[in-house]
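Fold and geometry: a report
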Amino acid sequence: MPPSAPPAALDESPAARRREQRGWYFYDWANSAFYTTVISVFLGPYIIPVAKTAACAKDFPSVPSATCVDGFDDLAAANPGLGYVDVLGADIRPAAFFGLITTVAVLVQILWLPIVGALADHTGRKREMLGGFAYVGALAAMGLFFVEGDRYMLGGVLFVVANLAYGSSIVVYDSFLPQISSEQERDAVSSRGWAIGYLGGGLLLALNLVLYTQHEALGLTEGMAVRICMMSAGLWWATFTIVPLLRLRNRPVPAHETSALSSVGGSFRQLGRTLSGLRKYPLTLLFLVAYLVYNDGVQTVIGNSAAFASEALKLDQTVQITAILMVQFVAFFGALLMARLARSFGTKRTVLGSLVLWTVIVATGLFVAEGQALQFFLMAFAIAIVLGGTQALSRSLFSLVIPKGREAEYFSLLQISDKGSAFIGALTVTIALQLTNSYRIAIVSMVIFFVVGFVLLALTNLPKAIKAAGNEVPARI
């Protein structure tokens, strides 16, 4: 008997399916804490000063550390050739370090995630893999508590590990979607999961906002408060992952050799077949490319929003956290609103409309004045309206254009650019910062990703793609 096969036939009744759906939603609730607290808020603004501290100790040892960090940009500008940190022999500006580790994290995902997807489908042990990756990521996130002083490389390594585990778990998580929902309910289930994730991430961020803003009254330094907040994301992730592990069920897979070695070998072979098989689904490939392009823009904007606020707009971290906290709760309603719009106007048209709004929003980054918190809040509010719906509806669409039984393999290709910051976009930001040292220019450069993504998605014949994958075309698409 295959290792994933249950002793009896699975109950696939609507009631059993809804029970799994409710458990599935909770993994978004669990992992969104890492994305919101670590990636979107604390790590970027925190690790850049840590890198600056290291650069100060190396290049400006006579300047007091606090004075050097506060005036680092002026010191670096006045001393060409100085003000860099060493990363495996390369001189990197501290301001570009967060973009660099994000780029590395996603590059590793590009190489690794397709293997994860093939292994999940080949063994059928999706629930066990989900839990394994979740807890590796949660432990790495908790380890960020030990990043202080000049330990920028420790922070970089832990972030890469956590982000890789996070992306791996999402591949497995997303692959459950076609198994626990019908084609007709796919948009609603996907959107609810994303919306609930915003609530979970927002709730922990609210608690962390209290801790951060009251750190002096609690007898904590600002750095200690940030480290506790990042550690709390790992604890939250680990705790609430228990719910989906209790509710989700593995599905049987065709009989095959059950040794670990044969499973890994079979997964590599299946990966090759998956990539080769994409030629049979040219419209699926076109949709995937479109998604990878515009989602690069989405993830890069979100992943660099806090650093944009601190470096380009000179807003303090309380403003940044408050804005992102607002985004979490507004995005909950935005995801549900866009699911309704999809029922009325069609999923594809709704996503295309969201890309137009993304283009307008990002372009306004040129005009948001330094120190103007209200303008930043308005920009964040507009992002919140389209954020969750763009991704949730795209996930739903993709689940319709992939063949049954190979969900994890195909979702691994999607996840390369999903949630954890994207390779090309992150690299673009890193290059822009390295050349101009301007976060404003770096963020505005994302416009091209939304424009190109819009054109590619508009050219995709989705009904034809769905039929080619052997799935039912929903009444409105």
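Attention in this report is confined to the structure presented alongside it. As the structure is a prediction and not an experimental result, all values here were calculated from the model.

All right, on to the overall build of the protein then. For the protein, the count of helices and strands is 21 helices and two strands. For a compact globule of 477 residues, the expected C-alpha radius of gyration is about 23 Å, and the protein comes in at 22 Å, within 12% of that figure. Taking all 477 residues of the protein together, 60% fall into the buried category. Once local pairs closer than 6 in sequence are excluded, the contacts in the protein between residues at least 24 apart make up 84%. For the protein, the distance from the average site of its 34 positive side-chain charges to the average site of its 29 negative ones is 13 Å.

Below, the discussion takes up empty space enclosed by the protein. Applying the stated criterion across every chain, the model contains one cavity of 30 Å³ or more. Taken as a whole, the largest cavity encloses approximately 350 Å³ of empty space. As for the largest cavity, its lining consists of 25 residues, and the residues nearest its centre are Ile-302, Ser-305, Val-327, Ile-383 and Leu-387. Every element with two or more residues in the lining of the largest cavity is listed here: helix 1 (14-59), helix 8 (186-213), helix 12 (282-303), helix 13 (305-311), helix 14 (317-345) and helix 16 (373-400). Looking at the lining of the largest cavity, the element that brings in the most residues is helix 16, giving six residues. Class assignment for the residues of the lining of the largest cavity results in 15 nonpolar, nine polar and one charged.

Let us look at the packing of helix 16 against helix 17 (residues 407-415). For the pair helix 16 and helix 17, interaxial distance at closest approach is 11 Å and the crossing angle is 145°. In this structure, the crossing between helix 16 and helix 17 has a hand that is right-handed. Across the interface between the two elements, Arg-395, Phe-398 and Ser-399 of helix 16 pack against Tyr-410, Phe-411 and Leu-414 of helix 17. Residue classes in the contact of helix 16 with helix 17 are distributed as four nonpolar, one polar and one charged.

Before going further, it helps to spend a moment on a nonpolar patch on the surface. A cluster of nonpolar side chains, Val-356, Val-360, Ile-448, Val-451, Val-452, Phe-454, Val-455 and Leu-459, forms an exposed patch at the surface whose accessible area comes to about 650 Å². Those elements that provide at least two residues to the nonpolar patch are helix 15 (347-363) and helix 20 (447-458). No other element matches helix 20, which puts five residues into the nonpolar patch. For Val-360, the position within the fold is in helix 15.

If you check helix 16, its first and last C-alpha atoms are 41 Å apart, about what 28 residues at 1.5 Å a residue would give, namely 40 Å. Where helix 16 bends most, at Ala-384, the angle is about 30°. For helix 16, the buried fraction is high: 20 of the 28 residues fall into the buried class.

Moving on, we get to unusual backbone geometry. Although it is not a glycine, Leu-88 sits at a positive phi angle of roughly 55°. Residue placement: Leu-88 occurs in the loop between strand 1 (85-87) and strand 2 (90-92). Given the relative accessible area of 81%, Leu-88 is considered exposed. For Lys-314, which is not a glycine, the phi torsion comes out positive at approximately 55°. Along the chain, Lys-314 turns up in the loop between helix 13 and helix 14. Residue classification places Lys-314 among the partly exposed residues on the basis of a relative accessible area of 47%.

What counts and how
Residues numbered from 1 in each chain as written. Predicted model: local features only at pLDDT ≥ 70, side-chain atom pairs only at ≥ 80, totals over all residues. Heavy atoms only, no water. Helix = DSSP H or I, 4+ residues; strand = E, 2+ residues; numbered from the N terminus. Rg over C-alpha atoms; globule rule 2.2 N^0.38 Å. Buried < 20%, exposed > 50% of the residue type's maximum accessible area, 1.4 Å probe, protein only. Contact = heavy atoms within 4.5 Å. Lys, Arg positive; Asp, Glu negative; His and termini not counted. Charge placed at Lys NZ, Arg CZ, Asp CG, Glu CD. 1 Å grid on protein atoms, 1.4 Å probe; cavity = no way out; pocket = protein on both sides within 12 Å on 5 of 7 lines; lining within 4 Å. Points joined across faces, edges and corners; volume = space filled by probe spheres on them. Nonpolar A, V, L, I, M, F, W, Y, C, P; charged D, E, K, R; others polar. Axes fitted to C-alpha atoms, helices over the stretch in contact; angles between N-to-C directions. Left-handed = near helix turned anticlockwise from the far one by under 90°. Patch = residues over 30% accessible without salt bridge, like charges linked within 9 Å, V, L, I, M, F, W, Y side chains within 5 Å. Areas by Shrake-Rupley, 256 points an atom, 1.4 Å probe, with all protein chains shown as cover. Salt bridge = Lys/Arg side-chain N within 4 Å of Asp/Glu carboxyl O. Expected span 1.5 Å × (residues − 1). Bend = angle between axes of the 7 residues up to and from the residue.

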